[in-house]
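Close look at the chain arrangement
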Amino acid sequence: MEINHTSDIPRVPKRILTSLLASVSAGVVPRAGAPYIAIGRQDEIAALLSDLEAVNDGGGSMRFLIGRYGSGKSFLMQLIRGYAMERDFLTADADLSPERRLYGTGGSGVATYRELMKNLASKSSPDGGALPKIIARWITVLQNDIIGTGINAEDPRFEAELNRRVSDALREMEFLVGGFDFSRVVTAYYRAYTAGDDEKRSACLRWLRGEYSTKTEARHELGISVSVIIDDENWYDFLKLWAALSHTMGYRGLVVFIDECVNLYKISHRVSRENNYEKILSMFNDTLQGRAPGLALVLGGTPQFLEDTRRGLFSYEALRSRLCDSRFALEGFKNLIGPVIRLRRLSDEELYALINRVTKLYAQNYSIKPDIITEEEMLTFLQICLERAGADTMITPREMLRDYMTVLNILMQNPNASFEEVVGSAVTLKTDAEDGEAEKSEGMPSSVETGSARKSFTIDDIEF
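As the structure is a computational prediction, the values presented were derived from the model and not from experiment.

The next point concerns the overall build of the protein chain. The helix and strand inventory of the protein chain stands at 20 helices and seven strands. Within the protein chain, the fraction of its 464 residues that count as buried is 49%. Of all intrachain contacts in the protein chain linking residues separated by at least 6 positions in sequence, the fraction that spans at least 24 positions is 72%. Looking at the protein chain as shown, the accessible area adds up to about 22,300 Å², and 50% of this sits on carbon and sulfur atoms.

Under the counting rule described, the total for this entry stands at 26 salt bridges. Between Arg41 and Glu44 there is a salt bridge, with its nearest N and O atoms 3.9 Å apart. By relative accessible area, Arg41 is classed as buried at 8%. For Lys240, the salt bridge is made with Asp237, and the minimal N-O distance between the two is 3.9 Å. Taken together, the residues Lys240 and Asp237, both in helix H10 (residues 235-248) and three residues apart, mark about one turn of the helix. Among the residues examined, Lys240 registers a relative accessible area of 18% and is labelled buried.

One open sheet holds the five strands; their spatial order is E2-E3-E4-E1-E5, and the pairing between them is parallel. Because the sheet does not close on itself, it has two edges, and the strands there are strand E2 (90-95) and strand E5 (340-342). Across this sheet, the average inter-strand angle for adjacent strands is 15°, counted without regard to direction. Summarising the sheet, strand E3 (residues 254-259) and strand E4 (residues 295-301) pair through five bridges and their orientation is parallel. Paired with Val256 across the strands is Leu297, a residue of E4. Of the strands in this sheet, E2, E3 and E4 touch H10, which is tilted by about 145° from E3. The sheet strands contacting helix H12 (residues 270-288) are strand E1 (61-66) and E4, and the helix crosses E1 at an angle near 130°.

This part takes up unusual backbone geometry. You will see that Arg41, though not glycine, has its phi angle at about 65°, which is positive. Tracing the sequence through the fold places Arg41 in the loop between helix H1 (14-26) and helix H2 (42-56). For Asp88, which is not glycine, the phi torsion reads 70° and is therefore positive. Owing to a relative accessible area of 23%, Asp88 belongs among the partly exposed residues under this scheme.

As a further point, take the packing of aromatic side chains. If you walk through the whole model with that rule in mind, you get nine aromatic pairs. Between the aromatic rings of Phe64 and Phe284, the centroid separation amounts to 6.5 Å while the plane-to-plane angle is 35°, which identifies the pairing as tilted. Remark: Phe284 occurs in helix H12 and Phe64 occurs in strand E1; sequence separation between them is 220 residues. Assigned by exposure class, Phe64 and Phe284 land together as buried. Measuring from ring centre to ring centre gives 6.5 Å for Tyr277 and Phe305, while their planes differ by 65°; the resulting arrangement is edge-to-face. Separated by 28 residues along the polypeptide, Tyr277 in helix H12 and Phe305 in helix H13 (residues 303-307) bring together distant segments of the chain.

Following the sequence through the fold, Glu375 ends up in helix H16 (residues 375-386). The exposure class of Glu375 is buried, given its relative accessible area of 18%. In this structure, the C-alpha to C-alpha distance between Glu375 and Asn356, residues 19 residues apart in sequence, is 8.0 Å.

Moving on: the pairing of E2. Of all the six residues making up E2, five are buried; the element is thus mostly covered by neighbouring parts of the structure. Looking at chain direction, E2 and E3 are connected through six bridges and run parallel. For Thr91, the partnering residue across the bridge sits in E3 and is Val255.

Next up on the list: the confidence of the model for the protein chain. Of the residues in the protein chain, 87% have a pLDDT of 70 or more, and the chain-wide mean is 87. Note on residues 1-7: pLDDT is under 50 here. Beyond four places in sequence and across chains, it has 18 contacts. Predicted confidence for residues 428-434 stays below pLDDT 50, and this span has five contacts to residues more than four positions away or in other chains.

Let's shift gears to the nonpolar core. One finds Phe64, Ile134, Ile135, Trp138, Trp207, Trp242 and Ile280 to be the most contacted residues of the largest nonpolar core, which totals 81 residues. In this structure Trp242 touches Tyr113, Met117, Leu131, Ile134, Ile135, Phe182, Leu208, Met249 and Leu254, once residues within four positions along its chain are discounted. Core analysis: the second largest hydrophobic core is formed by 60 residues, Ile37, Ile341, Phe381 and Cys385 among them.

Definitions and cut-offs
- Residues numbered from 1 in each chain as written.
- Predicted model: local features only at pLDDT ≥ 70, side-chain atom pairs only at ≥ 80, totals over all residues.
- Heavy atoms only, no water.
- Helix = DSSP H or I, 4+ residues; strand = E, 2+ residues; numbered from the N terminus.
- Buried < 20%, exposed > 50% of the residue type's maximum accessible area, 1.4 Å probe, protein only.
- Contact = heavy atoms within 4.5 Å.
- Areas by Shrake-Rupley, 256 points an atom, 1.4 Å probe, with all protein chains shown as cover.
- Salt bridge = Lys/Arg side-chain N within 4 Å of Asp/Glu carboxyl O.
- Pairing = 2+ DSSP bridges.
- Axes fitted to C-alpha atoms, helices over the stretch in contact; angles between N-to-C directions.
- Phe/Tyr/Trp six-rings, centres within 6.5 Å; stacked < 30°, edge-to-face > 60°.
- pLDDT = per-residue confidence, 0-100.
- Core = buried A, V, L, I, M, F, W, Y, C linked by side-chain atoms within 4.5 Å.

Written out as structure tokens, the structure is:
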């Protein structure tokens, strides 16, 4: 088929496009604009979107995205995050690190909660920091509903009716763990919001974000008695409360993305590592047994994080028995209904479509002709990447795109340079190992690997 470089690419806002290409060049997952370079992964996306429907119906879900570094775990998370916000879900995301864990002492547990609250996002606040805005929206909706009944804002009954509706909405929270204090603080925030008391409102936000270190300090600034503060031990209980409250506030649920879970695998202290795995087990049981309504959890990690029987999740028997593959899960058959989604390598056709899409976006961003690189040269670049030893299974979009962006940058900044000059050394130089492989396959046609078989293909073979 003939590929038209100038078609099928919408105009992308300059701010988003510049940030998107900068992220791709640096090997960083773009925070915005991910759908513009989304190629493949349709099955994985469909599976995760089906979880959102279950959450919308009051259920819970938990998924593990497993793949090598650069295979697209974080990219897929950002893609689903955008889809969730478009569907009126609340989202929150955080990367684990030595300072942020699921369980820990000295603030490493609640640090994850604080990061999630900082990145809490909604359709109207996609960049995070949505906590005060979602409460304000909720109060505004309640006020408009009351006005719709014929009670105007100047009517003495208006405030009493608003108080009643807020109390009724929060009463269900009181029966959940930590729900009584949670309801009291949300109520205090609502009253400070309607009264214009910024100091009290700020104190309530600090408590809801888990920023108090002592109950005494919290009581002093809030002006109400609270029996708990959000800390290392209970932060996950409050995450479930936010999920339950999201439905009350008119949202469809809360979707939480926790990436870089390999940092749990790297914990050297066995007891500390197993405490974190115990927290994962608690999350898994809660979401699948209906004890976390309105909550979807998506955790991203490497194969070592999952499968290592000495330090990974499989070293914890309760998790291994829940997450390991069934003996009937044979290689070559996909199963995206289970809790673990293993990211496959993108096919050769999908990789070609990806660099083709990036080329068009690059030309759009710099207002140049998209023939800075021809279709045949794109194909040559892909062949170079796939001819590396092990590339048939190990090549990742991150490393390929970083190299490709370098080629585009050089060609744009050096108009007299040719594609052959830029990548010539990679085309002509062969390592001894590659020469050895060539001798073994003497007589075979020049090709690109797809799966375990090698085949030749041209532009006409590419399908989008």
